[in-house]
Amino acid sequence: LGSAAAVASVTPLSSALAAGAIKPGKQSVLLVIDVQNCFLPTGTLPVKDGDQVVPVINELSKKFQNVVMTQDWHPAGHSSFASSHDGKAPFETVEMDYGTQVLWPDHCIQGTKDAELAPGLDIPHAQLIIRKGWNSAVDSYSAFREADKKTMTGLTGYLKERGISDVYVCGLATDFCVAWSAIDGTISEFNVSVIEDASRGIDLNGSVATAWADMKKAGIARIQSGDFA
Ligand code: VGL
Ligand code: ZN
């Protein structure tokens, strides 16, 4: 009958990262992006299967001492809303001072139920919730820096002051707030990884594939929740 040696001989060699290799320490943070009602399938800017990240992130968060979350947090009439631009529909674009802006349905309005964190999210030890997109004239996909590419949110300083060097990003949406946060994290000189199965994308015209290519170019590791010990 099958000996231990026979079993060992078929151990796969393919995985770049051994399952269970990552053990986050005090220099690591889990950055949970925009897991809010607005981005769940029943929200105002639904992300397909967005609700499926919730149990994955809950389990993952138990492996981190440090957890920071973000909340997309727009005033009514925000300039990223199609409803603020005459003749524009959601998912069209407009030119702003700071570049091309995708226009969205009204979403994540400050103080509304839609903007609340997903009710299933269970991360009592999260230490900071950073709200972004509150400037009515400037969007902020990134947790680190507004879309003008100049105005910092304060997250870089917070993490550096706490001695954190390794940032693990997950949440919604892979191709917008997750990717922009990850890339800005590398600009702030953190070691950044994105946890693919703890994230979901919106995918406008192939934007998920573009985001992964851009993140690869930036040196960001593409990992899975199963890569953690
Ligand atoms: C997001 C579009 C608009 C996101 C936020 O969280 O990815 N996307 N606002
Ligand atoms: Zn938004």
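Rules behind the numbers
Residues numbered from 1 in each chain as written. Chains lettered and ligands numbered in written order. Predicted model: local features only at pLDDT ≥ 70, side-chain atom pairs only at ≥ 80, totals over all residues. Heavy atoms only, no water. Helix = DSSP H or I, 4+ residues; strand = E, 2+ residues; numbered from the N terminus. Rg over C-alpha atoms; globule rule 2.2 N^0.38 Å. Buried < 20%, exposed > 50% of the residue type's maximum accessible area, 1.4 Å probe, protein only. Contact = heavy atoms within 4.5 Å. Areas by Shrake-Rupley, 256 points an atom, 1.4 Å probe, with all protein chains shown as cover. Lys, Arg positive; Asp, Glu negative; His and termini not counted. Charge placed at Lys NZ, Arg CZ, Asp CG, Glu CD. pLDDT = per-residue confidence, 0-100. Near = heavy atom within 4 Å. Polar contact = N/O pair within 3.5 Å; in protein donor to acceptor, adjacent residues only side chain to side chain. Nonpolar A, V, L, I, M, F, W, Y, C, P; charged D, E, K, R; others polar. Donors = N, O, S within 2.8 Å, 3.2 Å for Na, K, Ca; no water. Core = buried A, V, L, I, M, F, W, Y, C linked by side-chain atoms within 4.5 Å.

Description of the overall build of the protein
In step 1: When helices and strands are tallied, the protein shows five helices and eight strands.
In step 2: Secondary structure elements of the protein occur, N-terminal to C-terminal, as α-β-α-β-β-β-β-α-β-α-β-α-β.
In step 3: What you see for the protein is a C-alpha radius of gyration of 19 Å, in line with the 17 Å of a compact globule of 229 residues.
In step 4: The 229 residues of the protein split such that 48% are buried.
In step 5: For the protein, long-range pairs separated by at least 24 residues make up 75% of all intrachain contacts whose partners lie at least 6 apart in sequence.
In step 6: Counting only carbon and sulfur atoms, one obtains 55% of the accessible surface of the protein, whose full area is about 10900 Å².
In step 7: Within the protein, one finds 18 positive and 26 negative side-chain charges whose respective centroids are separated by 7 Å.

Concerning the confidence of the model for the protein
If pLDDT is low for a region, its predicted coordinates should not be looked at in detail.
In step 1: Put simply, the protein has an average pLDDT of 94, and 92% of its residues get 70 or more.
In step 2: When the elements of the protein are averaged for pLDDT, helix H1 (residues 4-9) gives the smallest value, 45, and strand E1 (residues 28-33) the largest, 99.
In step 3: Every residue in residues 1-9 scores below 50 in pLDDT, and together they form zero contacts with partners more than four places removed in sequence or on other chains.
In step 4: Low pLDDT, under 50, characterises residues 11-15; the predicted model gives this stretch zero contacts beyond four residues in sequence or across chains.
In step 5: The ipTM, which scores confidence in the relative placement of chains, is 0.98 for this predicted complex, and the corresponding pTM is 0.92.

Digging into the site of ligand 1
In step 1: The environment of ligand 1 is formed by Asp34, Phe39, Leu45, Asp72, Trp104, His107, Tyr141, Leu172, Ala173, Phe176, Cys177 and Ile202.
In step 2: Between ligand 1 and Asp34, the relevant distance is 2.7 Å, taken from an oxygen atom to a side-chain nitrogen or oxygen of the residue.
In step 3: Protein chains shield 100% of the accessible area of ligand 1, which is 260 Å² for the free molecule.
In step 4: A breakdown of the residues in the shell around ligand 1 according to their chemical character gives nine nonpolar, one polar and two charged.

A short note on the coordination of the zinc ion (ligand 2)
In step 1: Protein ligation of the zinc ion (ligand 2) involves Asp72 (OD), His74 (NE2) and His107 (NE2), the donor distances falling in the range 2.0 to 2.2 Å.
In step 2: Each donor residue of the zinc ion (ligand 2) lies on the same chain, and together they follow the pattern D-x1-H-x32-H. His74 shares its class with Asp72; the two are buried.

Considering the nonpolar core
Side chains that are nonpolar tend, in soluble globular proteins, to be buried together.
In step 1: In this structure, Leu30, Leu31, Val32, Ile57, Leu159, Val169 and Ile195 are the most contacted members of the largest nonpolar core, which totals 57 residues.
In step 2: Elements that contribute at least two residues to this core include exactly E1, helix H2 (53-61), strand E2 (67-72), helix H3 (155-161), strand E6 (166-172), helix H4 (174-187), strand E7 (191-200) and helix H5 (207-217).
In step 3: Once residues lying within four places of it in the same chain are set aside, the contact partners of Leu159 are Val29, Val68, Phe144, Ile164, Val167 and Phe190.

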